[in-house]
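Structure assessment
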Amino acid sequence: YCKASGALCPADGAFPAVAAGQLSPAACDYGFDGYKYRECVDGALGEVHTDRCVPKVPVNLQYGSAAMELVRDTFVRRSPTYDFLIARFSVEPALPRGLALNETTGAIEGVPLELAELQTYTITGENEAGAAQTQVLLSVRAGYCRVDGFFGTVDVGSEFVYDCSLQGGFVGTQRRKCVIGETDGEWQEVEGRCVSVITVVLVLIVAVLIIIVIILLLVKM
């Protein structure tokens, strides 16, 4: 643009001063090429026009990890990152039952309701200028509880029973159920307890002594 001279409209923020009848330009908003402008009329800049701003082609669409291992019956939301603007997202083929791609935000979200083998999905983000694509590997597995102390790995809905005698010198059993949690299987509280053999013997001795004392008292009476 030509440097203003004569009767001027003063600068306003990113819009420089221009002469009457001229356009005061400024950079378009993020994600657009070209320029926006305001016309100088009667000593003041008019409203902002953006008809000379055109969208940039989106690039660098990705989901952080190229492989997603999801857990059945748990809530999922994985959002993408990208440069510039995307107006609409789509995916091919269709995601496993219970999951959906948000057409506005591009987030993979929902609660997967079925197991799914590892598969490649192509996600496209587009605007009027063009499109960006990325591929993600996605699978859905059953939830499980990981090893915790004496309790080994079991699937959700199962129960692990621990034989206390495996510790040596103990008797009894302990049980823990595995239930679905927020992101995977979660252990419930331990049921039952392990008791040392020495403790059992002492309890029996005390019980026998109490019985003997009671019998002696009864005989004396």
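Residues numbered from 1 in each chain as written. Predicted model: local features only at pLDDT ≥ 70, side-chain atom pairs only at ≥ 80, totals over all residues. Heavy atoms only, no water.

1. Notes on the sheet that holds strand E9 (residues 76–78)
Strand order in the open sheet formed by 3 strands is E9-E13-E12, and the pairing between neighbours is antiparallel. A strand with exactly one partner marks an edge of an open sheet, and here the two such strands are E9 and strand E12 (99–101). Averaged over all pairs of adjacent strands, the angle between their axes in this sheet comes to 25 degrees, without regard to strand direction. Pairing of E12 with strand E13 (residues 108–110), which is carried by 3 bridges, proceeds in the antiparallel orientation. When the bridges of E13 are listed, Ala 100 appears paired with Glu 109. (Pairing = 2+ DSSP bridges. Helix = DSSP H or I, 4+ residues; strand = E, 2+ residues; numbered from the N terminus. Axes fitted to C-alpha atoms, helices over the stretch in contact; angles between N-to-C directions.)

2. Digging into the state of the cysteines
On inspection of all chains with the given rule, the structure shows 4 disulfides. Here Cys 9 is linked by a disulfide to Cys 40, with a sulfur-sulfur distance of 1.8 Å. The sign of the S-S torsion, about 85 degrees, decides the handedness of the disulfide formed by Cys 9 and Cys 40: right-handed. Highlighted residues: Cys 9 in strand E1 (residues 8–9) and Cys 40 in strand E4 (residues 32–41), separated in sequence by 31 residues. (Disulfide = S-S within 2.5 Å.)

3. Concerning the side chain of Arg 176
Relative to the assigned elements, Arg 176 resides in strand E20 (residues 173–180). Residue classification places Arg 176 among the buried positions, given a relative accessible area of 12%. Filtering out sequence-adjacent residues up to four positions away, Arg 176 remains in contact with Asp 148, Phe 151, Ser 158, Glu 159, Phe 160, Trp 187, Gln 188, Glu 189 and Val 190. (Buried < 20%, exposed > 50% of the residue type's maximum accessible area, 1.4 Å probe, protein only. Contact = heavy atoms within 4.5 Å.)

4. Focus on the environment of Phe 170
Looking at where Phe 170 falls in the secondary structure, it is placed in strand E19 (residues 170–171). Take Phe 170: its relative accessible area is 28%, and that puts it in the partly exposed class.

5. Things to note about the sheet that holds strand E15 (residues 130–141)
Read from one edge of the open sheet, 4 strands run E8-E15-E14-E11, paired in mixed fashion. Edge positions in the open sheet fall to strand E8 (67–71) and strand E11 (88–92), since each of these has one partner strand only. Each strand axis lies, on average, 30 degrees off the axis of its neighbour in the sheet, ignoring direction. Taken together, the 5 bridges between E8 and E15 define a ladder with parallel strand orientation. For Val 71, the partnering residue across the bridge sits in E15 and is Arg 141.

6. Some remarks on the pattern of salt bridges
Under the counting rule described, the total for this entry stands at 11 salt bridges. Here Lys 56 ties to Asp 33 by a salt bridge, and the two come within 3.9 Å at their closest N and O atoms. One end of the pair, Lys 56, is in the loop between strand E6 (53–55) and strand E7 (59–62); the other, Asp 33, is in strand E4, with 23 residues separating them in the sequence. Asp 33 sits in the partly exposed class, given a relative accessible area of 38%. A salt bridge links Arg 88 to Glu 126; the nearest nitrogen and oxygen atoms lie 3.3 Å apart. Taken together, the residues span a long stretch of sequence, with Arg 88 in strand E11 and Glu 126 in strand E14 (residues 116–127) at a distance of 38 residues. The partly exposed category is assigned to Glu 126, whose relative accessible area is 30%. Through salt bridges with shared partners, a single ionic network connects Glu 69, Arg 141, Arg 146 and Asp 184. (Salt bridge = Lys/Arg side-chain N within 4 Å of Asp/Glu carboxyl O.)

7. Describing the environment of Leu 218
Assignment of secondary structure puts Leu 218 in helix H1 (residues 197–220). Sequence separation between Leu 218 and Val 76 is 142 residues, and the spatial gap between their C-alpha atoms is 71 Å.

8. Quick look at the packing of aromatic side chains
According to the stated counting rule, one finds 7 aromatic pairs in the structure shown. Between the aromatic rings of Tyr 35 and Tyr 37, the centroid separation amounts to 6.2 Å while the plane-to-plane angle is 55 degrees, which identifies the pairing as tilted. In this structure Tyr 35 comes out as partly exposed when scored by relative accessible area, which is 33%. Directly above the ring of Tyr 37 sits Arg 52, whose terminal nitrogen or CZ lies 4.7 Å from the centroid. The ring of Phe 151 has Arg 176 lying over it, and the distance from NZ or CZ to the ring centre is 5.1 Å. (Phe/Tyr/Trp six-rings, centres within 6.5 Å; stacked < 30°, edge-to-face > 60°. Lys NZ or Arg CZ within 6 Å of the ring centre and 35° of its normal.)

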